[in-house]
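Inside the fold
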Amino acid sequence: MRFFKSIAAAVMMMSLPAAAVAQSDAAKSESEARAILNEMSQAAKACSTIEVSFTATYANKRTGDKHASDGSLKVKGDAYVLDVNGMVTYSDGMTVYVWQKEANEVDISDCDPDAEGEMTPTKLFGAYKTGYKLRRLPDAALSGVNCAQVDLYPVDKKTDVMRLRISVEKATMRIRQFEQSTKTGESLTITVKDFKVNKPMPDSAFKFDIGAHKGVEVVDLR
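About the cut-offs
Counting from 1, residues in each chain are numbered in the order their sequence is written. Reporting in this predicted model follows two pLDDT cut-offs: at least 70 for local features of residues, and 80 or more for side-chain atom pairs to be given and counted; totals over whole chains, interfaces and linings ignore these cut-offs and use all residues. Excluded from the side-chain calculation are hydrogens and water; included are all heavy atoms of the structure. Numbering of helices and strands runs from the N terminus; a helix is a DSSP stretch of H or I covering at least four residues, while a strand is a stretch of E covering at least two. Summary of the burial criterion: residues with accessible area below 20% of their type's maximum are buried, those above 50% are exposed, and those between are partly exposed, where the area comes from a 1.4 Å probe applied to protein chains only. What makes two residues a contact is simply this: any of their non-hydrogen atoms within 4.5 Å. Per-residue and other accessible areas were derived by the Shrake-Rupley procedure at a 1.4 Å probe size, with only the shown protein chains allowed to occlude residues. By nonpolar core we mean a set of buried residues, namely Ala, Val, Leu, Ile, Met, Phe, Trp, Tyr and Cys, connected to one another through side-chain atoms within 4.5 Å.

Let's shift gears to the overall build of the protein chain. Each helix and strand counted, the protein chain has three helices and 12 strands in total. Taking all 222 residues of the protein chain together, 35% fall into the buried category. Counted over contacts in the protein chain with a minimum sequence separation of 6, partners at least 24 positions apart contribute 46%. As displayed, the protein chain offers around 13400 Å² of accessible surface, 55% of which is attributable to carbon and sulfur atoms.

Written out as structure tokens, the structure reads:
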């Protein structure tokens, strides 16, 4: 981090109490991290649509378990379709449809953006704004792509989440990787394989078409 513009400034900084220097470092790191995430969020919101393909890798240090699944996410405003691990979630911003492919069953519920655990694009791209302490990390290369990296630490110490790490491609300010680590030794890493924006998507793409799925069992939870 660029704190010292001259030898004189360095000497003055070194003469400060250690706690004051640490506080200054932390404040600057937090400010830089927030600026990166703000820019990433604004870049995403400026797109009429987003289509992402990714690999989700789960690992458990205690058991040694590790497995990966490919998935995709389409976003248009507050509507989205998430397809991963045999389950497809559709939301048009009002109704949520969760289709389990293997069982050919769809659960239908009302969309409640304020519900705990409810995912919406708005919450996804703005989750860092409250409830986290931020830290700027050195840039890193992911698959040859130069990325800015930010760590997020939950303020609530009771949560099982220990750390989130977001890697953002510096050239486009698009997210490249998301990592979540828990206190129990589990981790989930989402690595973006392809990122397309402003592709035309009809509103009907974000609703589950019951008529097009022969024999589907409908569980209406509304």
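Anyway, onward from the coordinates.
Attention now goes to the nonpolar core. Grouped together as the largest cluster of nonpolar side chains are 14 residues, with contacts concentrated most on I36, L37, V150, L152, I166 and V168. Of all the secondary structure elements, the ones that give two or more residues to this core are helix 2 (18–45), strand 8 (145–154) and strand 9 (161–169). Not counting the four nearest positions on each side in its chain, L152 is found in contact with L37, Y128, Y132, K133, L134, R163, L164 and I166. Listed in part, the 12 residues of the second largest apolar core include A79, V88, W99 and M201.

One can find T182 in strand 10 (residues 174–182). The class of T182 is buried, set by a relative accessible area of 10%. If we ignore the near neighbours within four places in the chain, the residues touching T182 are D160, V161 and M162.

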